[in-house]
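Spelled out from the first residue to the last, the chains are:
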Amino acid sequence: MANYSLNISNAISAGWEYAKKHGILIAVIYFITIMISNLLQNFNTQNIDPNTYTMLGERIAQGDTEALNRLVEIYSDSGSWLACIIGIVFTIIVNVGLYNLALGLTSGRYTEVCFDAFKLPLQVYLKVAIVQIIVGILIFIAALFCIIPAFYVGPRLSQAVFYIIDHPEADIMDAIKASWKMTQGNVLALIGFTIIFFFIFIIGFLCCCVGYYFTLAISLFAMTAVYYQLKGNLV
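Being a predicted model, the structure only gives us computed values, none of them experimental.

Conventions adopted
Residues numbered from 1 in each chain as written. Predicted model: local features only at pLDDT ≥ 70, side-chain atom pairs only at ≥ 80, totals over all residues. Heavy atoms only, no water. Salt bridge = Lys/Arg side-chain N within 4 Å of Asp/Glu carboxyl O. Helix = DSSP H or I, 4+ residues; strand = E, 2+ residues; numbered from the N terminus. Core = buried A, V, L, I, M, F, W, Y, C linked by side-chain atoms within 4.5 Å. Buried < 20%, exposed > 50% of the residue type's maximum accessible area, 1.4 Å probe, protein only. Contact = heavy atoms within 4.5 Å. Phe/Tyr/Trp six-rings, centres within 6.5 Å; stacked < 30°, edge-to-face > 60°. Arc of directions from axis to C-beta. Expected span 1.5 Å × (residues − 1). 1 Å grid on protein atoms, 1.4 Å probe; cavity = no way out; pocket = protein on both sides within 12 Å on 5 of 7 lines; lining within 4 Å. Points joined across faces, edges and corners; volume = space filled by probe spheres on them. Nonpolar A, V, L, I, M, F, W, Y, C, P; charged D, E, K, R; others polar.

Draft legend 1. Seen up close, the pattern of salt bridges. Under the definition given, this model contains three salt bridges. Between Lys20 and Glu17 there is a salt bridge, and its shortest N-O distance comes to 3.3 Å. Of the two residues, Lys20 and Glu17 both sit in helix α1 (residues 8-41), three residues apart, roughly one turn of that helix. Across the pair Lys119 and Asp116 runs a salt bridge, and its minimum N-O distance is 3.1 Å.

Structure, rendered in structure tokens:
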């Protein structure tokens with residue numbers, strides 16, 4: 001098995017170079033996506049007194065099951081649950097398309113930002129959603145029971161979504177196994193990569209918030225560069 005180590009500097013440099021070429025359009029897509037998602041999350045709840053949520057939250061914290069039922073009724077009556085689901089599905093579709101776009105631009109499959117990247121089989125979107133759920137559950141279990149530290153499990157499974165998009169024919173377990181194999185020996189580097197981008201996001205947010213969306217574009221390409229660096233470990 002090959003042993004390719006993550007070079008954080010090269011990944012971030014690649015993210016910056018591709019963002020300079022395509023980042024503005026992708027930042028606009030991220031901005032529109034987040035705005036639409038926020039609107040859907042707030043759908044039909046504007047007329048509900050915020051104090052109602054506060055009161056119900058306090059009662060739920062005290063173990064009041066009637067308060068929990070009342071909260072469910074409010075969301076059901078307002079239609080918020082449906083809007084929330086639509087928002088989640090919409091976000092997944094956009095993220096999968098952008099991941100595929102970044103993979104295509106980096107590999108030369110695409111030469112410019114285009115919506116062809118979103119023309120993926122429905123099963124790819126479904127598999128990505130399932131992979132994200134499984135990864136989230138595994139990280140939660142790791143954090144809850146401390147069997148394996150969550151900060152170890154997270155990086156080891158971080159490449160599963162990219163693998164599914166890059167290999168549409170692969171199944172869910174193939175993606176999880178591939179990510180585990182790709183990231184072997186690179187946990188500390190992946191944690192360092194995440195920490196660095198945490199500070200980059202803060203800097204972007206401080207730039208009148210507008211810079212935040214551009215840092216999302218940088219992050220997208222940098223994460224793609226990470227995937228291609230570690231992909232050699234599958235050989």
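On we go.
Draft legend 2. How the structure looks around the nonpolar core. Core analysis: the largest hydrophobic core is formed by 56 residues, its most contacted members being Leu6, Ile26 and Leu98. Looking at this core, the elements with two or more residues in it are α1, α4 (80-107), α5 (122-145), α7 (160-166), α8 (172-182), α9 (187-206) and α10 (210-231). Per element, the largest residue contribution to this core is 11 residues, and it comes from α10. With residues up to four places along the chain from it excluded, the contact list for Ile26 reads Leu98, Leu101, Val113, Ala217, Leu220 and Phe221.

Draft legend 3. Highlighting the packing of aromatic side chains. Applying the stated criterion across every chain yields a total of 14 aromatic pairs. Ring geometry for Tyr18 versus Phe221: centroids 5.6 Å apart, planes at 20°, classification stacked. A residue pair is termed long-range when its members are at least 10 positions apart, and Tyr18 in helix α1 and Phe221 in helix α10 qualify at 203 residues. Seen in terms of ring centroids, Tyr152 and Trp180 are 5.9 Å apart; in terms of plane orientation they differ by 80°. Their pairing is edge-to-face.

Draft legend 4. Quick peek at α8. Looking only at α8, the buried set comprises Ile172, Ala175, Ile176, Ala178, Ser179 and Met182. Axial view of α8: buried residues confined to an arc of 165°, hence all on one face.

Draft legend 5. Structural context of the side chain of His167. Tracing the backbone through its elements, the reader meets His167 in the loop between α7 and α8. Owing to a relative accessible area of 17%, His167 belongs among the buried residues under this scheme.

Draft legend 6. The arrangement of α9 in detail. Between its first and last C-alpha atoms α9 spans 29 Å; for 20 residues at 1.5 Å apiece the expected length is 28 Å, and the two agree. With its phi angle positive at about 60°, Cys208 sits one or two positions after the end of α9.

Draft legend 7. Local environment of the layout of surface pockets. The calculated volume of the largest pocket comes to roughly 530 Å³. Contributing to the lining of the largest pocket are 21 residues, with Tyr99, Ser158, Gln159, Phe162 and Met223 lying nearest its centre. For the lining of the largest pocket, the elements supplying multiple residues, two or more each, are α5, α6 (150-156), α7, α9 and α10. Ranked by residue count, the leading element in the lining of the largest pocket is α9, at six residues. Residues belonging to the lining of the largest pocket are distributed by class as follows: 15 nonpolar, six polar and no charged.

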